[in-house]
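Secondary and tertiary structure notes
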Amino acid sequence: MMRLPKFRYFAPRSVKEALRIKAGEGSGAAFVAGGTDLYPNMKRRQQTPKVVIGLSRVAALGRLRAGESGLAIGAAVPLSAIEQHRRVRRAYPGLAHAIREISTPPLRNMGTLGGNVLLDTRCNYYDQNYEWRQAIDFCMKKDGTICWVAPASSKCLAVQSADSVPILIALGARVALVSPEGEREIALEELYRNDGIHYLTTRPDELLTEIRVPKPDGWTASYKKLRRRGAFDFPVLAVGAAVLREGGRVAEARIVLGAVSSAPVRASAAEAVLVGRPLDAAAIGEAAEAAAGPSRPMDNTDFSFLWRKEMTKKWVAAALSELSGPSGSAP
Ligand SMILES: Cc1cc2nc3c(=O)[nH]c(=O)nc-3n(C[C@H](O)[C@H](O)[C@H](O)COP(=O)(O)OP(=O)(O)OC[C@H]3O[C@@H](n4cnc5c(N)ncnc54)[C@H](O)[C@@H]3O)c2cc1C
Ligand code: SF4
């Protein structure tokens, strides 16, 4: 049985208190929301914080507001609360669907949107217990020096695998980050760096407080996930697509690929193919071909990486086809 290492636990009741504890404890401290990513990682000694700062008692992080300007989802709102929220299901069905694709109902009751957005990157050589990793002399991401996926690589290629991220980016989501210096808001897309170890652009003293999704305003969006098991599995290819149509033609499009890199990948050439055209079979086919270009999966998740690249075309076509009805499915 894998056991948690010893750590000190704090349960602050406000953002200010959480930040004060973090500032005092420094880089040896980690925030925890639902713990469905952090605690398994701690059991495998992939992450070894000496101090854990629980966020579940911070009321401000547990609020979900659906207002005139869109959704404001507190970072510690459980995934199940989002997928079951009436306004989310009605106005953002693609997002509700993506969240339903995350793991299992008990894990969605514990896991939060903030934790999903900040999920650690994944790799077959890393997501193993301590003894397994020790037997291969570890790897660059933790305790070792080499990358077993690409030994000549100077950086880790572990994969961004969070289900909510591609569709949230496609929907134009932004995130609020709070530190002792105040709050800043950035596009969700800017939160990620294409580096399996330093995969976030946040500073260590920053707390993610809110995920903000603009109101649909004519955009429709869909999500497609490739995985081995239907019951639950991380994505090994994910597609978030959103289009804005005016007069029967695509005015703007966003296509975001997940699980093919250490950061979400924007398929900009595929987006450009769609603009100014009806969302018909010809446009979808061309966009799907173009989307496979920037899809460069590595051999570090389930399934062959060549097949996953090939499947990018099919999954992008499927995501766009879902939006191709008279009004498309809503976001
Ligand atoms: C069996 C299993 C299956 C899974 N399947 C999937 C899946 O199919 N798809 C998927 O996307 N995920 C999956 N997950 C991963 C995980 O359950 C989800 O990603 C979940 O949303 C993580 O949320 P959490 O609140 O539990 O995160 P936590 O474990 O609490 O936190 C995750 C990371 O974010 C940091 N953090 C959390 N909140 C904040 C904050 N507000 N500010 C700053 N840092 C913060 C933590 O320090 C930690 O590094 C699975 C996990 C398990 C165990
Ligand atoms: S991509 Fe390489 S360095 Fe990164 S976790 Fe996998 S084996 Fe380790």
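Residues numbered from 1 in each chain as written. Chains lettered and ligands numbered in written order. Predicted model: local features only at pLDDT ≥ 70, side-chain atom pairs only at ≥ 80, totals over all residues. Heavy atoms only, no water.

1. Structural notes on the overall build of the protein
Our working rule: Labels follow the DSSP assignment, with helices taken as runs of H or I lasting at least four residues and strands as runs of E lasting at least two, numbered in each case from the N terminus. Computation of the radius of gyration draws on C-alpha atoms alone. For the globule rule, the value is 2.2 Å times the number of residues to the power 0.38. For every residue, the accessible area obtained with a 1.4 Å probe (protein chains only) is divided by the maximum for its type, and the residue is called buried under 20%, exposed over 50%, and partly exposed between those limits. By definition, residues are in contact when any of their heavy atoms lie within 4.5 Å.
Along its length, the protein carries twelve helices and twelve strands. For 331 residues, the compact-globule estimate of 2.2 N^0.38 gives 20 Å, and the C-alpha radius of gyration of the protein, at 20 Å, lies within 12% of that figure. Dimensions of the protein, computed from C-alpha atoms along their principal axes, come out at roughly 60 × 45 × 35 Å. Within the protein, buried positions represent 50% of all 331 residues. The long-range share in the protein, meaning contacts at least 24 apart out of those at least 6 apart in sequence, stands at 63%.

2. Considerations on empty space enclosed by the protein
The condition that has to hold: A 1.4 Å probe that fits into a set of points on a 1 Å grid over the protein atoms alone but cannot get out defines a cavity; an open set with protein on both sides within 12 Å along at least five of seven lines defines a pocket, and lining residues are those with an atom within 4 Å of a point. Grid points are joined across faces, edges and corners, and a volume is the space filled by probe spheres set on the points. Charged means Asp, Glu, Lys or Arg here, nonpolar means Ala, Val, Leu, Ile, Met, Phe, Trp, Tyr, Cys or Pro, and polar covers whatever is left, Gly included.
Evaluated as defined, the whole model comprises one cavity of 30 Å³ or more. Computed from the structure, the largest cavity encloses a volume of approximately 80 Å³. Surrounding the largest cavity, 13 residues form its lining, Cys123, Cys139, Cys147, Cys156 and Leu157 being those nearest its centre. When the residues that make up the lining of the largest cavity are grouped by side-chain class, the tally is eleven nonpolar, one polar and one charged.

3. Side note on the site of ligand 2
Note the threshold: Any residue with a heavy atom lying within 4 Å of a molecule or strand is counted as near it. Occupancy of a cavity or pocket is assigned to a molecule whenever over half of its atoms lie within 2 Å of that pocket's grid points.
Close contacts around ligand 2 come from 13 residues, with Cys123, Cys139, Cys147, Cys156 and Leu157 the closest. Placement of ligand 2 is best described as lying within the largest cavity. Of the residues in the shell around ligand 2, the class split is eleven nonpolar, one polar and one charged.

4. Side note on the sheet that holds strand E3 (residues 51–54)
Selection criterion: Between any two strands, pairing holds if DSSP finds at least two bridges. Axis lines are fitted through C-alpha atoms, for helices just across the contact stretch, and the angle between N-to-C directions can take any value from 0 to 180 degrees.
Sheet architecture is open: three strands sit in the order E1-E3-E2, paired in parallel fashion. A single partner strand is all that each edge strand has here, and the edge strands are strand E1 (8–10) and strand E2 (29–32). Taking the axes of each pair of neighbouring strands and ignoring which way they run, one obtains an average angle of 25° across the sheet. Where E2 and E3 come together, four bridges link them in parallel fashion. Paired with Ala30 across the strands is Val52, a residue of E3.

5. Description of the sheet that holds strand E9 (residues 219–226)
Spatial strand order, E9-E10-E11-E12: four strands in an open sheet with antiparallel pairing. Single-partner strands in this sheet number two, and they are E9 and strand E12 (265–266). As judged from the eight bridges shared by E9 and strand E10 (residues 237–246), these two strands associate in the antiparallel manner. The residue of E10 that forms the bridge with Lys225 is Ala238.

6. Considering the packing of aromatic side chains
So the rule is basically this: When two rings of Phe, Tyr or Trp (its six-membered ring) have centres within 6.5 Å they constitute a pair, described as stacked for plane angles under 30 degrees, edge-to-face for angles over 60, and tilted for the intermediate range. Note on criteria: charge over ring means Lys NZ or Arg CZ within 6 Å of the ring centre, with the direction from the centre no more than 35 degrees off the ring normal.
Within the structure shown, the criterion is met by four aromatic pairs. Ring centres of Phe7 and Tyr39 lie 6.2 Å apart, and the angle between their planes is 25°; on these two criteria the pair is classed as stacked. With Phe7 in the segment before E1 and Tyr39 in helix H2 (residues 38–43), this residue pair connects regions lying 32 residues apart in the sequence. Between the NZ or CZ atom of Arg122 and the centre of the ring of Phe234, over which it lies, the distance is 3.6 Å.

7. Looking at the pairing of strand E7 (residues 182–187)
As paired elements, strand E6 (residues 174–179) and E7 share six bridges and run antiparallel to each other. Across the sheet, the residue bridging to Ala176 is Glu185, located in E7.

Any functional reading would require information beyond the geometric quantities listed.
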